[in-house]
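Each chain, written out:
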Amino acid sequence: MIASVRGQQLQENVRPEKGIVVGAGIAGLGTAIALARQGVSVTVIDRDPPPGSDDPDRAFAEWPRRGVAQFRHSHVFLARLYVLLRDHYPELLATLLQMGARKLPFSASLPPQLLDGYDALAADDDFTLLSSRRVTLELAMRRFAAAQPGIEIVPDCRVQGLVLSPDSGIPEVSGVRIGEGEKQELRADFVIDASGRTSPFPDLLRKAGARIAEESAPAGIVYFTRHYRLRPGRSEPPRGGAPSVADLGYLKFGVFRADNGWFSVTLAVPEIEDGLRALVRKAAGFDAVCAQLPGVSPWTDRACAEPMGDVYAMGGLDSLWRHYMRGPRPVVRNFFAVGDAVIRSNPLYGRGCSAGFLQGHLLARVIAQTSDPLARAQAFYAAQMREIRPYYDIMVKQDAQATRRAERARDPDYQPR
Ligand SMILES: Cc1cc2nc3c(=O)[nH]c(=O)nc-3n(C[C@H](O)[C@H](O)[C@H](O)COP(=O)(O)OP(=O)(O)OC[C@H]3O[C@@H](n4cnc5c(N)ncnc54)[C@H](O)[C@@H]3O)c2cc1C
């Protein structure tokens, strides 16, 4: 009896670990949800204001999301994310579906001639994609995260630096700075960088002596996206006609089915195709190209759907892998990075959100398994190399091949370097 009372007191005296997550995007929210599940108390800080509305249509139109340049670009969420949610976060999956996201089963990707002879197996559920606008996924994750005990979301707050302990051999992180002076320091047991493509932390840490290595390669394309909403009473064009996703060498295109009657079209143009890029940047040129694509034109036909806003363009796309380990040693202590801040790939593969959430899930498991900072860094790095690296290598190779194909399409005498 005494022993069990003592045990209870001991448990009550153990302070839950406190983590700070910088960035309330997909990877940041996913990491916070996974950490809270492991009993960590998490503060998520984001530079942007909160969504003014929980309604995807209003948030799509009104939410100023300057911290996420790709916020209004086409997104689809791969089976890796679906399976992760289904198996570990089913309430979040239910929230997302309730907000209008749809499951696209394996059969949805089969052409009619294969569909006839297709007998679904239970395991085929593992190939299910999720389709929604990115705003809808973000709102669902945010709503879900905000309802979890142990998660606090602090909007409108830009993290400007790290609190570092100078004495150890490598930089040791004990918090973040949100302004000048001691009062502007927030302390934590560890800090997670989920601040996306423009993360300030690699540079800050390098200045503090962290030897972060980096691999990167250009994706070689520029993304052009326009959103549409089906007109009342109209449904999505039937499958089985011309492909709504294809790679023509000089142009890749895709129709992205989304939520609540919305869909989008993305035209991905090789960087070297200057003329085509200039054409599709403007709505009239974008529409003209869509009208020429037999798999896209039934969607963008004005009788079927109305455009919802202008064309969004995004360039500077790359693959990137940052190494926070040098051999068996971490280059910084009590600091981890997830999502685009550390690993990113050509958006055409649609892997970023799955990879970011998966990293958060893996990191939370590592943090629950050991309190040793060195063991945490090693185990997290090993998990990413095992779960994500093989896909990364294939994507980089395919990007290089696609760039060569595009060069050859433009110049038949082209010789690869
Ligand atoms: C054009 C395009 C299309 C894409 N399509 C797909 C797709 O179809 N499927 C898919 O899975 N992935 C896709 N991706 C990739 C996906 O968008 C990213 O991988 C994903 O958003 C990464 O999430 P993140 O949380 O790391 O970063 P983000 O979602 O970019 O979030 C970063 C967050 O950090 C905040 N922040 C930044 N700096 C600070 C600071 N100093 N202080 C506080 N907060 C800060 C920002 O406000 C933001 O909320 C696409 C990417 C692009 C560019």
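What counts and what doesn't
- Residue indices follow the written sequence of each chain, beginning from 1 at its first position.
- Reporting of local features is limited, given that this is a predicted model, to residues whose pLDDT is at least 70; pairs of side-chain atoms are given and counted only at 80 or more, and all residues count toward the totals for whole chains, interfaces and linings.
- Side-chain numbers come from the whole structure's heavy atoms, not from hydrogens or water.
- A strand pair is defined by DSSP finding two or more bridges across the two strands.
- Working definition: helices are DSSP H or I runs of at least four residues, strands are E runs of at least two. Numbering for both runs from the N terminus.
- We call a residue buried when its accessible area falls under 20% of the maximum for its residue type, exposed when it is over 50%, and partly exposed in between, using a 1.4 Å probe and counting protein chains only.
- A domain assignment, automatic or from a database, supplies the domain bounds used here.
- Contacts were defined at the residue level, with two residues in contact if any of their heavy atoms lie within 4.5 Å.
- The quantity reported as buried area is the accessible area (1.4 Å probe) lost by two parts once they are put together, taken as the sum for both.
- Think of a salt bridge as a Lys or Arg side-chain nitrogen and an Asp or Glu carboxyl oxygen that are within 4 Å of each other.
- For the purposes of these results, a polar contact is taken to be a pair of N or O atoms within 3.5 Å, where, inside protein, one atom must be able to donate a hydrogen and its partner to accept one; residues adjacent in sequence count only when each atom of the pair is a side-chain atom.
- Here the nonpolar group is Ala, Val, Leu, Ile, Met, Phe, Trp, Tyr, Cys and Pro; Asp, Glu, Lys and Arg are the charged ones; every other residue, Gly included, is treated as polar.

Visitor: Explain the sheet that holds strand β21 (residues 343-344) to me, using residue names and the numbers behind them.
Guide: Spatially, 3 strands are ordered β10-β17-β21 in an open sheet, and the strand pairing comes out antiparallel. With partners counted over all chains shown, the strands left at the sheet margins are β10 (213-218) and β21, one partner each. As defined by bridge partners, β10 adjoins strand β17 (residues 318-323) across 6 bridges and the pair is classed as antiparallel. Residue pairing in the sheet places Ala 217 in a bridge with Ser 319 of β17.

Visitor: Explain the pairing of strand β7 (residues 172-177) to me, using residue names and the numbers behind them.
Guide: Examined bridge by bridge, strand β6 (residues 161-165) and β7 share 5 bridges and lie antiparallel to one another. Its bridge partner lying in β7, Leu 162 is registered against Val 176. Note that β7 and strand β8 (residues 185-187) share 3 bridges and pair antiparallel. In the strand pairing of β8, Gly 175 is matched with Arg 187.

Visitor: So what's going on with unusual backbone geometry? Residues and values would help.
Guide: The backbone of Asp 156 shows a phi angle near 55 degrees, a positive value even though the residue is not glycine. Inspection of the secondary structure assignment puts Asp 156 in the loop between β5 (151-154) and β6. By relative accessible area, which is 55% here, Asp 156 ends up exposed. One non-glycine residue, Asn 260, lies in the positive phi region at around 50 degrees. Inspection of the secondary structure puts Asn 260 in the loop between β13 (252-257) and β14 (262-270).

Visitor: Explain the domain arrangement of the protein to me, using residue names and the numbers behind them.
Guide: Taken domain by domain, the protein consists of domain 1 (16-73 + 135-219 + 317-417), domain 2 (76-132) and domain 3 (221-314). On the side of domain 2, 16 residues touch domain 1, which itself brings 21 residues to the contact. A combined buried area of about 1800 Å² lies between domain 1 and domain 2, and 71% of that area is made up of carbon and sulfur atoms. Of the charged contacts in the structure, one is a salt bridge between Glu 91 and Arg 37, with a shortest N-O distance of 3.8 Å. Between domain 1 and domain 2 we count 4 residue pairs in polar contact (both at pLDDT 80 or more) in total. Residue assignment for the side of domain 1 that touches domain 2 shows that the elements contributing at least two residues are α2 (26-37), α7 (134-146) and α12 (352-369). The element contributing the most residues to the side of domain 1 that touches domain 2 is α7, with 7 residues. In the side of domain 1 that touches domain 2, the residues fall into 12 nonpolar, 4 polar and 5 charged.

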